[in-house]
Amino acid sequence: MEEKRKIIMDVDTGSDDAIALVMAMLDPSFELLGVMAVSGNLEVKLTTDNSIRVVECCGMQDKVKVYRGCDYPLASTLTPHLPQTDLLPIREGHNPYSFHPDRLPLPDPITKAGDRNAVSWLVDTLMVAEDGEITLIPVGPLTNIAAAMRIEDRIIPKIREIVLMGGSHIGGNESAAGEFNIWADPEAAEIVLQSGCKITMVPLDATEVAISTHEDAEKMRALDTPPARLCADMIDHRIADSDGDTTAINDALAVCAVLHPEVLKNVIHTTVHVDISRGFGYGATIVDLRSPGWRKEAPNCYFAMGADREYFFNYMYRVLKEDKERRAQ
Ligand code: RIB
Ligand code: CA
């Protein structure tokens, strides 16, 4: 059997993060070494508790530990964003976005979070790893990973690759220019992008093609396992809270892309920066689409401009179906 891919998830759980965590835990091709929670969709106490809820929903609490990470971005909340938008993180009880419930519709967590801050745990874990051994899958703001790189840059060769959900070339969702994960902590994103790691960005350009529907949710729900029901409920919840009849469950596409990069379409290897100039473009992802001869910098990122919706759904359904079959054994 092929060796499992060692991964670490970095999440701001979050309704779509929940589905990404389910895939990371139930896909037997992964060895999930741990989960780091970060502030983003919600404050870090809530994203930590929600992540533990999902781990317990999958029955993985004896194998997977959730570590509480940074509660504030590196710099972006020190002065207001332009144009004025909600300052991060969203504090408990003030979540204007039911898109990401303060408490996922699961029993309250029983398991405690890890004994150290996620950044300390990440540094300790990477420093004893072999070079190129561990893949990071961040699907929230990049605060934890950027902080770890600043504390201990000797972790960088230990990272096999970073496959992140974030960024956009087609324009933002949190602001006209900024996709939320990058917009929430632009300085952190720029630190990670300039780290020299192999980076694949799974941006809105890809996730908003690989959308999910109520029909997808019904197929998942019919499997009738706790993880399948959770994924179905999150899809239905997000559609109900949107103004359409589909939803982009962004984060799980990054998990799928780690071992199935063919799910991503029109991937370009180019130079990507984040606008940290604190104007109206603050947090924008700047993708250099010029021909290589015109570019002045070496490429630092594989940027996916599209995705295969059917492939993505079939991946998620297969992971959930095989989990059901294992439970029946
Ligand atoms: O822009 C989408 C991203 O922002 C997703 O990771 C979602 O969970 C939110 O964090
Ligand atoms: Ca997220």
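What you are looking at is a predicted structure, and each value in this text was computed from that prediction instead of being measured. (Residues numbered from 1 in each chain as written. Chains lettered and ligands numbered in written order. Predicted model: local features only at pLDDT ≥ 70, side-chain atom pairs only at ≥ 80, totals over all residues. Heavy atoms only, no water.)

Caption draft 1: Inspection of the coordination of the calcium ion (ligand 2) at higher detail. Looking at the calcium ion (ligand 2), the protein donor atoms are Asp 12 (OD), Asp 17 (OD), Asp 17 (OD), Val 139 (O) and Asp 251 (OD), and they sit 2.3 to 2.7 Å from it. Site description for the calcium ion (ligand 2): donor spacing in sequence, D-x4-D-x121-V-x111-D. You can see Asp 12 sitting in the loop between β1 (5-11) and α1 (15-26) and its partner Val 139 sitting in the loop between β4 (134-138) and α4 (143-151), a full 127 residues away along the chain. Residue Asp 12 is classed as buried on the basis of its relative accessible area, which comes to 0%. Taking relative accessible area as the criterion, Val 139 reaches 1% and is therefore assigned buried. (Donors = N, O, S within 2.8 Å, 3.2 Å for Na, K, Ca; no water. Helix = DSSP H or I, 4+ residues; strand = E, 2+ residues; numbered from the N terminus. Buried < 20%, exposed > 50% of the residue type's maximum accessible area, 1.4 Å probe, protein only.)

Caption draft 2: Here's a closer look at the packing of aromatic side chains. Counted under the stated rule, the structure contains three aromatic pairs. Measuring from centroid to centroid gives 4.6 Å for Tyr 67 and Trp 121, while their planes differ by 10 degrees, and the two rings are stacked. Taken together, the residues span a long stretch of sequence, with Tyr 67 in strand β3 (residues 66-68) and Trp 121 in helix α3 (residues 118-127) at a distance of 54 residues. The ring centre of Tyr 302 lies 5.8 Å from the NZ or CZ of Lys 198, which sits over that ring. A cation sits over an aromatic face here: Arg 238 above Phe 99, 4.2 Å from the ring centre. (Phe/Tyr/Trp six-rings, centres within 6.5 Å; stacked < 30°, edge-to-face > 60°. Lys NZ or Arg CZ within 6 Å of the ring centre and 35° of its normal.)

Caption draft 3: Summary view of the nonpolar core. The biggest cluster of nonpolar side chains holds 63 residues, and the ones touching the most others in it are Met 9 and Met 23. Here the element with the most residues in this core is α1; it accounts for nine residues. Excluding anything up to four places from it in sequence, Met 9 contacts Ala 20, Leu 21, Ala 24, Leu 32, Gly 34, Val 35, Met 36, Ile 137, Val 139 and Val 255. Core analysis: the second largest hydrophobic core is formed by 38 residues, Trp 121, Ala 129, Ile 159 and Val 272 among them. (Core = buried A, V, L, I, M, F, W, Y, C linked by side-chain atoms within 4.5 Å. Contact = heavy atoms within 4.5 Å.)

Caption draft 4: Representation of the site of ligand 1 in the model. In the neighbourhood of ligand 1, 13 residues make up the surrounding shell, with Asp 16, Val 139, Asn 173, Glu 179 and Asp 251 lying closest. Within the side chain of Asp 12, an N or O atom sits 3.0 Å from an oxygen atom of ligand 1. One of the side-chain nitrogen or oxygen atoms of Asn 41 is found 3.1 Å away from an oxygen atom of ligand 1. Expressed as a share of its isolated accessible area of 270 Å², the protein-covered part of ligand 1 is 96%. Of the residues in the shell around ligand 1, the class split is three nonpolar, five polar and five charged. (Near = heavy atom within 4 Å. Polar contact = N/O pair within 3.5 Å; in protein donor to acceptor, adjacent residues only side chain to side chain. Areas by Shrake-Rupley, 256 points an atom, 1.4 Å probe, with all protein chains shown as cover. Nonpolar A, V, L, I, M, F, W, Y, C, P; charged D, E, K, R; others polar.)

Caption draft 5: Representation of unusual backbone geometry in the model. Located in the positive-phi region is Asn 266, a residue other than glycine, with phi close to 50 degrees. Take Asn 266: it is sitting in strand β9 (residues 264-270). You can call Asn 266 exposed: its relative accessible area is 54%. One non-glycine residue with positive phi stands out, namely Arg 278, at about 65 degrees. Position of Arg 278 relative to the elements: it lies in the loop between β10 (272-274) and β11 (285-287). For Arg 278, a relative accessible area of 28% translates into the label partly exposed.

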